[in-house]
Amino acid sequence: MSGCKRIAKGILQAVRREVRAMPVASLSTSSNMQQRTSRIPKKDVVSISDNAANRIRSLIEKKKEKNPSIAGLRLGVKTRGCNGLSFVMDYQEEGKEGKLDEKVSVNGVDVFVDSKAVFYIIGTKMDWVEDELRAEFTFENPNAKGTCGCGESFNV
């Protein structure tokens, strides 16, 4: 064996001895390692207007009187309607959030976006509209390629 190979083999054996002697915790997390952060600021999946946040808050407060485990509102999509997809909303109970769900907090209100719906509704603007004929949540979805005449469903 040549001199260079012998030296390399000796260094490799020394490194192996050092690694074996290290505590397991120091192998998995190093104090020198830094969390990698993005320079691009993270935007919310859905933007919620003040009117919508106020309406959601009143709905949640009313529901919490009967069920105190309500954490917020859940937003998703279902395959239905004449154009393919439709928005669905329900109350979100504490501890039953999905691991990959997105949480949007606005004015003290938490809206949980279903992880399966994020692709379809990213960038959507949610508002609450009240006029002489209607009182409803409205959604402006930049991803929608088409909507039905009544505005209940959309396609991407």
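Reading guide: rules and limits
Residues numbered from 1 in each chain as written. Predicted model: local features only at pLDDT ≥ 70, side-chain atom pairs only at ≥ 80, totals over all residues. Heavy atoms only, no water. Helix = DSSP H or I, 4+ residues; strand = E, 2+ residues; numbered from the N terminus. Polar contact = N/O pair within 3.5 Å; in protein donor to acceptor, adjacent residues only side chain to side chain. Salt bridge = Lys/Arg side-chain N within 4 Å of Asp/Glu carboxyl O. Buried < 20%, exposed > 50% of the residue type's maximum accessible area, 1.4 Å probe, protein only. Phe/Tyr/Trp six-rings, centres within 6.5 Å; stacked < 30°, edge-to-face > 60°. Pairing = 2+ DSSP bridges. Axes fitted to C-alpha atoms, helices over the stretch in contact; angles between N-to-C directions. Patch = residues over 30% accessible without salt bridge, like charges linked within 9 Å, V, L, I, M, F, W, Y side chains within 5 Å. Areas by Shrake-Rupley, 256 points an atom, 1.4 Å probe, with all protein chains shown as cover. Lys, Arg positive; Asp, Glu negative; His and termini not counted. Charge placed at Lys NZ, Arg CZ, Asp CG, Glu CD.

**Q** Which parts of the structure should I look at to understand the environment of Glu130?
**A** Turning to its location among the elements, Glu130 is positioned in strand E6 (residues 124-130). Considered as a pair, Glu130 and Asn51 are 79 residues apart in the sequence and their alpha carbons are 9.6 Å apart. Here the side chain of Glu130 touches Trp128 through a polar contact of 2.8 Å, side chain to side chain.

**Q** For this particular structure, what's the right way to read the pattern of salt bridges?
**A** On inspection of all chains with the given rule, the structure shows six salt bridges. We note a salt bridge from Arg74 to Asp101, for which the minimum N-O separation is 2.8 Å. Taken as a pair, Arg74 in strand E2 (residues 70-79) and Asp101 in the loop between strand E3 (85-93) and strand E4 (102-106) lie far apart in primary sequence, 27 residues in all. Overall, the relative accessible area of 22% leaves Arg74 in the partly exposed class.

**Q** What exactly am I supposed to notice about the packing of aromatic side chains here?
**A** The description of two aromatic rings rests on the distance between their centres and on the angle between their planes. For the structure shown, the criterion picks out two aromatic pairs. Considering the side-chain rings of Phe119 and Tyr120, the 5.3 Å spacing of their centres and the 80° angle between planes classify their relative orientation as edge-to-face. The exposure class assigned to Tyr120 is partly exposed, which follows from its relative accessible area of 28%. Measuring from ring centre to ring centre gives 4.9 Å for Trp128 and Phe137, while their planes differ by 65°; the resulting arrangement is edge-to-face. Phe137 matches Trp128 in its accessibility class, with the two residues each being buried.

**Q** Hey, could you run me through the sheet that holds E6 in this one?
**A** The strands that make up a sheet pair up through hydrogen bonds in the backbone, lying either parallel or antiparallel. Pairing is mixed in the open sheet, where three strands are placed in the order E1-E6-E7. Edge positions in the sheet fall to strand E1 (46-48) and strand E7 (135-140), since each has one partner strand and no second. Mean inter-strand twist for the sheet, computed between neighbouring axes without regard to direction, equals 25°. In terms of strand pairing, E6 meets E7 through six bridges, oriented antiparallel. Of the residues in E7, the one forming a bridge with Asp127 is Thr138.

**Q** When you look at a positive patch on the surface in this model, what are you seeing that I'm missing?
**A** Taken together, Arg55, Lys62, Lys63 and Lys66 make up a surface patch of like positive charges. Looking at the element boundaries, Lys62 is found in helix H3 (residues 50-64). Relative accessible area serves as the criterion here: at 61%, Lys62 is assigned to the exposed category.

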